[in-house]
Amino acid sequence: MAKLLIIGTHLCLRIMVCWLLKEEENLVYSLQKKVPQHEKTIINEIEDEFPDNDFHYVAYTDGSCDNLSQTRAGGAAYIILKDGEILKMKNHGQLNTSNNRMELLAIISAVNACPNGAYVDIYTDSQYCILVLSKSYKPKKNPDLYELYKKCSAHLAGVRFHWVKGHNGDKYNEMADNLAYGAYCNICEQYNIEKSKRH
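Numbering of residues begins from 1 in every chain and follows the order in which that chain's sequence is written. Note on the predicted model: pLDDT of at least 70 is required for a residue's local features to be given, and 80 or more for side-chain atom pairs to be given and counted; whole-chain, interface and lining totals, by contrast, use all residues. Based on all heavy atoms of the structure, the side-chain values leave hydrogens and waters out of the count.

**Notes on the environment of asparagine 100**
Runs of H or I in DSSP of at least four residues are treated as helices and runs of E of at least two as strands, each being numbered from the N terminus. Position of asparagine 100 among the secondary structure elements: in helix α2 (residues 99-113). As a C-alpha pair, asparagine 100 and glutamine 127 span 27 residues in sequence and 10.0 Å in three-dimensional space. It only takes one pair of heavy atoms within 4.5 Å for two residues to be counted as in contact. Aside from chain neighbours lying at most four places away, what touches asparagine 100 is Tyr128, Cys129 and Asn142.

The following block contains the structure:
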C-alpha cells in the first residue's frame, strides 16, 4: 500500500512538472509575440530585386529644420524620376517640427506621389529614416509618421532605401536639399521669422 502511495505521489509530481513547463513555454511564446524583436538594418545592402518593367521610379528626398529656434521652422522636398527624367518635384514648409520629422515627411510625400503598383528606389541622406521605416514595428519616436508612411506606401509594389552622403556632390540630392531649404525660407518669410544660414 505504501509502495503504491509513493508511486502515485511521483506520478502526480511528474504531471505537475510537465504542466509547469508547458505553462512556461506558453508564457515565453506570448511574450515573444508581444515584444517586438530587434531587427537589424544594414544600410545600402539591397536584397530584393525589382523587376525590369515600366513601373520603376526613383525618388530623392530631403528635410531641413532649424531645431534650435523657438518656432522650429522646417522644409521637406522630393524629386521623382522616371527613366532618368524628372517627373515631379515638390516642397513644403511648416512650423513646430524637427529635422527628422521633415526628412520622414519628404519620404512619405514621395511614396504617396508614386502611382499604384510602382517599384520605388528612395535616396536619402538620413540614416535615421532608413532605420525607422525599414522596421516592421512602430518606433517610440515619431510613431504617427511611421503609421502615415505605412498607409501612404501601401499601394506600392516595393520600396528600397539607399543612403547617400549629404552635400557630397550628388546632383539630385543637392537639388532636393535646395528645395527643402527653399521651403524653410518660404515659411520663415510667411511668418516673418529670421532665417538661419543653412540646415
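There is more to say, and it comes next.
**What about the packing of aromatic side chains?**
By convention, a stacked pair of Phe, Tyr or Trp rings (six-membered ring in the case of Trp) has centres within 6.5 Å and planes under 30 degrees apart, an edge-to-face pair has planes over 60 apart, and any other such pair is tilted. Applying the stated criterion across every chain yields a total of 5 aromatic pairs. With a centroid separation of 4.9 Å and an interplanar angle of 15 degrees, the aromatic rings of tyrosine 60 and tyrosine 123 are classed as stacked. Taken together, the residues tyrosine 60 in strand β1 (residues 56-65) and tyrosine 123 in strand β4 (residues 119-124) connect sequence positions 63 residues apart. Exposure classes here rest on a 1.4 Å probe applied to the protein chains alone. A residue is buried below 20% of its type maximum, exposed above 50%, and partly exposed in between. Assessed through its relative accessible area of 22%, tyrosine 123 is described here as partly exposed.

**Notes on the nonpolar core**
In this description, a nonpolar core means a group of buried Ala, Val, Leu, Ile, Met, Phe, Trp, Tyr and Cys residues linked to one another through side-chain atoms lying within 4.5 Å. Among the nonpolar cores identified, the biggest contains 28 residues, and Ile107, Cys114, Val120, Ile122, Leu133, Tyr149 and Phe161 are the most heavily contacted of them. Among the secondary structure elements, those contributing two or more residues to this core are β1, β2 (74-82), α2, β4, α3 (127-133) and α4 (143-152). Top element by residues in this core is α2. It accounts for 8 residues. Of all hydrophobic cores here, the second largest spans 7 residues; its members include Ala73, Cys185, Cys188 and Ile193.

**Overview of α2**
Each helix should span, by expectation, one fewer than its residue count multiplied by 1.5 Å. Under the 1.5 Å per step criterion, the end-to-end length of α2 is 21 Å for 15 residues, consistent within 8% with the ideal 21 Å. Within α2, the full set of buried residues consists of Met102, Glu103, Leu104, Leu105, Ala106, Ile107, Ile108, Ala110 and Val111.

**Details of the pairing of β1**
Most of β1 sits inside the fold, with 9 of its 10 residues counted as buried. Strand pairing is assigned whenever DSSP identifies at least 2 bridges connecting the two strands. Pairing between β1 and β2: 8 bridges, direction antiparallel. Paired with serine 64 across the two strands is glycine 75, which belongs to β2.

**Describing the sheet that holds β1**
A sheet is described by the order of its strands in space; here 5 strands give the open sequence β3-β2-β1-β4-β5, paired in mixed fashion. On the outer flanks of this sheet lie β3 (85-94) and β5 (158-163), each paired with one strand and no other. Direction aside, the axes of adjacent strands within the sheet are offset by 20 degrees on average. For β1 and β4, the ladder comprises 5 bridges, and the chain directions are parallel. Paired with alanine 59 across the two strands is isoleucine 122, which belongs to β4. Every axis corresponds to a line fitted to the C-alpha atoms, with the helix fit spanning only the stretch in contact, and the corresponding angles, defined between N-to-C directions, vary from 0 to 180 degrees. Contacting β1, β2, β3, β4 and β5, α2 runs over the sheet at an angle of about 155 degrees to β1.

Geometric values such as these leave the question of function open.
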